[in-house]
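Residue-level structure breakdown
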Amino acid sequence: VSEAPSNPNSHSTQPERRRPHGGRPIRVGLLGAGVVGGGVLALLAQHARQIEQRVGVRVEVGRALVRDLGKPRVPEAAGVPFTTDAEELFGDASLDLFVEVMGGTDEAGTLLARALSSGRSVVTANKALLAARGAGLFALAAANRADLAFEAAVGGGIPIIRTLRDAASSDEVVGITGILNGTSNFILTAMTDSRAPFAEALADAQARGFAEADPSLDVGGFDAAQKLLVLAMLAFGQEPVPLSHDPSSAVLVEGITAIDAADVEAADRLGFVVKHLVVGRDHGERVELRAHPALVRKLSAWAAVAGSLNAVKIEGRALGPLFMSGRGAGDLPTAVSVVADVVEVARSIVAGVPGLSTGLATGARAVAVRPLVPRADLELRYYVRFEVHDQPGVLARIAGALAEHRVSIAEIVQSEGKEGRARIVLTTHRAREGAMLASLAELAPISVAAPVLLRIEDTL
Ligand code: NAP
Ligand code: HSE
């Protein structure tokens with residue numbers, strides 16, 4: 001029997017059997033009202049009618065948790081009761097779902113676990129939390145038939161989570177490549193296009209609301225690596241592992257702090273642009289996961305991803321490549337993803353099937369820890385910048401050390417530096433990273449400063 005679509009303006013006349021939520025508004029408990037939370041308040045108010053049409057009932061913010069009641073908020077916050085006491089939200093039985101946009105892992109994790117344990121669904125933008133405790137939180141959501149939605153946690157406004165969860169659920173995704181940190185991309189773009197100093201570009205990114213509360217997570221590569229772990233959990237069923245800068249760590253995490261104007265200029269002369277990339281590949285027995293700066297061809301699609309834009313490419317065995325790009329950070333683009341999740345979760349509450357839409361978020365593949373490809377086994381092309389004493393034989397020593405480890409040089413340029421120093425920039429053909437590292441270790445005595453080693457991704 002087909003039923004006529006419900007009229008959102010006449011909920012009182014809807015038969016109860018079709019409206020398990022009873023036609024009441026969906027009330028949201030908002031945990032955090034900063035950059036993203038402000039965007040959420042704005043979109044929920046500005047698009048209230050369209051959201052009501054999609055959900056079938058009104059969606060309203062019932063209460064909001066912040067740290068400082070004296071801070072200025074977006075105009076749409078007027079009328080929303082604010083508190084600094086989480087108990088006021090958890091004691092409010094009228095709240096149907098929680099939106100977590102406060103950040104951090106400890107308190108946010110405790111509040112999310114508490115919400116899910118009470119059977120209430122959660123929407124979060126918090127990739128740090130999902131990378132640290134995602135598997136446990138998904139299990140908690142499933143056990144309590146609650147939704148745990150997290151579109152905004154990866155790629156800001158790019159719908160990559162829905163794509164992996166829904167559109168690619170009929171395929172096996174074996175590759176992920178992305179530019180997933182808006183702050184790093186904004187800084188590298190400013191360093192490339194206007195030769196802006198790193199610190200100035202970072203301050204600009206912070207002022208625009210792109211950076212994390214602790215920006216070392218952005219420029220240190222951790223934010224992008226956390227997003228890669230979330231994607232790898234969905235796409236490959238790889239359970240997240242702890243992240244560190246330790247070179248022996250199986251997930252390679254490098255940020256952009258070592259990138260100098262000299263590297264941006266040298267890359268430019270060689271026909272490349274420096275980007276911060278994440279790469280994930282399912283090799284069957286092992287999984288490759290890395291987040292680091294890399295040289296990409298100037299004419300590639302990746303080079304055109306500028307400023308706070310993000311991009312992500314997935315490769316499905318059946319689908320082949322799928323590339324998406326859009327704003328990866330900032331209040332409104334991120335809030336678009338958060339509010340889209342709120343709409344989806346609210347619809348499942350109204351339909352009386354909470355937990356159905358995202359509760360099986362990781363269900364495409366069973367989540368387990370498979371061994372990760374160690375750094376030494378990577379096989380890529382490399383860029384190296386040496387700062388050395390300008391002495392006879394230096395170039396020969398570099399060429400000799402690389403040759404000894406079977407690393408073949410593709411291009412090499414020497415330029416005169418200051419105070420009797422020389423700068424040598426070279427690129428290699430494909431080589432094992434273990435061989436590169438061994439060569440560089442041998443060359444430490446002739447280096448004035450630690451050589452800068454960057455990977456070249458010219459086949460993406
Ligand atoms: P933010 O501007 O620093 O906002 C954080 C909000 O949470 C603030 O309202 C803050 O209160 C509140 N808060 C933090 N800790 C709290 C605590 N212990 N108790 C009560 N309230 C607390 O951060 P944001 O940029 O919106 O980011 C929020 C989350 O979204 C993070 O997980 C981040 O990774 C993620 N995200 C951000 C972006 C982006 O572009 N900014 C994009 C995607 C995802 P006060 O306002 O009183 O300080
Ligand atoms: N700090 C993050 C970034 C926010 O710059 O990409 C979006 O997740």
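Placed above this text is the structure.
Summarised in this report is the structure supplied together with it. Because the structure is a prediction, the values reported are computed rather than measured.

1. A word on the site of ligand 2
Close to ligand 2 lie 13 residues; K127, G182, T183, F210 and D218 are nearest. T183 is positioned such that a nitrogen or oxygen atom in its side chain is 2.7 Å from an oxygen atom of ligand 2. Notes on ligand 2: free accessible area 260 Å², of which the protein chains cover 94%. When residues of the shell around ligand 2 are traced back to their parent elements, those giving at least two are α7 (182–193) and α10 (222–236).

2. A look at the sheet that holds strand β5 (residues 121–124)
A sheet is described by the order of its strands in space; here six strands give the open sequence β3-β2-β1-β4-β5-β6, paired in parallel fashion. Pairing within the sheet leaves two strands with one partner each, and these edge strands are β3 (82–83) and β6 (148–149). Where strand β1 (residues 26–31) lies against strand β2 (residues 59–65), six bridges are found, and the strand directions are parallel. Residue pairing in the sheet places V28 in a bridge with V61 of β2.

3. Looking at empty space enclosed by the protein
A full pass over the atoms with the stated rule returns one cavity of 30 Å³ or more. Roughly 40 Å³ of internal volume is contained in the largest cavity. Lining of the largest cavity is provided by S249, A250, L252, E288, L289, R290, V373, R375 and L378. The element best represented in the lining of the largest cavity is strand β10 (residues 287–297), accounting for three residues. For the lining of the largest cavity, the per-class residue count stands at five nonpolar, one polar and three charged.

4. What to know about the site of ligand 1
The local shell around ligand 1 holds 24 residues, among which D68, K71, R73, E212 and G330 are the closest. R67 places a polar main-chain atom, nitrogen or oxygen, 3.0 Å from an oxygen atom of ligand 1. Here an oxygen atom of ligand 1 and a side-chain polar atom of K71 are 2.6 Å apart. With the chains in place, 88% of the 890 Å² that ligand 1 exposes on its own is no longer accessible. Of the residues belonging to the shell around ligand 1, the class tally is ten nonpolar, seven polar and seven charged.

5. Notes on the nonpolar core
In this structure, I160, L231 and L289 are the most contacted members of the largest nonpolar core, which totals 56 residues. Mapped onto this core, the elements with two or more residues apiece are α3 (86–90), α4 (106–117), α5 (127–143), α6 (160–167), β7 (173–179), α10, β10 and β11 (309–316). At twelve residues, the largest contribution of residues to this core is made by α10. In this structure, L231 is in contact with V154, I160, I161, L164, I176, L180, F236 and V312, ignoring residues within four places of it in sequence. Counting residues in each nonpolar core, the second largest holds 33 residues, with V61, V66, V101 and V342 among its members.

6. Remarks on the packing of aromatic side chains
Taken as a whole and judged by the stated rule, the model has four aromatic pairs. With a centroid separation of 5.1 Å and an interplanar angle of 80 degrees, the aromatic rings of W302 and F323 are classed as edge-to-face. With W302 in the loop between β10 and β11 and F323 in strand β12 (residues 320–327), this pair connects stretches of sequence that are 21 residues apart. Exposure remark for F323: the relative accessible area of 36% places this residue in the partly exposed category.

7. Some details on the side chain of H292
Mapped onto the secondary structure, H292 falls in strand β10. On the basis of relative accessible area, H292 is assigned to the buried category, the value being 0%. Those residues within four positions of H292 in sequence are excluded, and the remaining contacts are L252, E254, K275, H276, L277, R455 and E457.

8. Re helix α8 (residues 198–207)
Along α8, the positions that sit buried rather than exposed are A201, L202 and A205. Down the axis, α8 shows its buried residues gathered within 100 degrees of arc, on one side only. Residues A199, E200 and A207 are exposed on α8 and point more than 90 degrees away from its buried face. Looking at the packing, one finds that the buried side of α8 touches α7 and α9 (216–219). Looking at the residues trailing α8, positive phi occurs at G209, about 85 degrees.

Conventions we followed
Residues numbered from 1 in each chain as written. Chains lettered and ligands numbered in written order. Predicted model: local features only at pLDDT ≥ 70, side-chain atom pairs only at ≥ 80, totals over all residues. Heavy atoms only, no water. Near = heavy atom within 4 Å. Polar contact = N/O pair within 3.5 Å; in protein donor to acceptor, adjacent residues only side chain to side chain. Areas by Shrake-Rupley, 256 points an atom, 1.4 Å probe, with all protein chains shown as cover. Helix = DSSP H or I, 4+ residues; strand = E, 2+ residues; numbered from the N terminus. Pairing = 2+ DSSP bridges. 1 Å grid on protein atoms, 1.4 Å probe; cavity = no way out; pocket = protein on both sides within 12 Å on 5 of 7 lines; lining within 4 Å. Points joined across faces, edges and corners; volume = space filled by probe spheres on them. Nonpolar A, V, L, I, M, F, W, Y, C, P; charged D, E, K, R; others polar. Core = buried A, V, L, I, M, F, W, Y, C linked by side-chain atoms within 4.5 Å. Buried < 20%, exposed > 50% of the residue type's maximum accessible area, 1.4 Å probe, protein only. Contact = heavy atoms within 4.5 Å. Phe/Tyr/Trp six-rings, centres within 6.5 Å; stacked < 30°, edge-to-face > 60°. Arc of directions from axis to C-beta.

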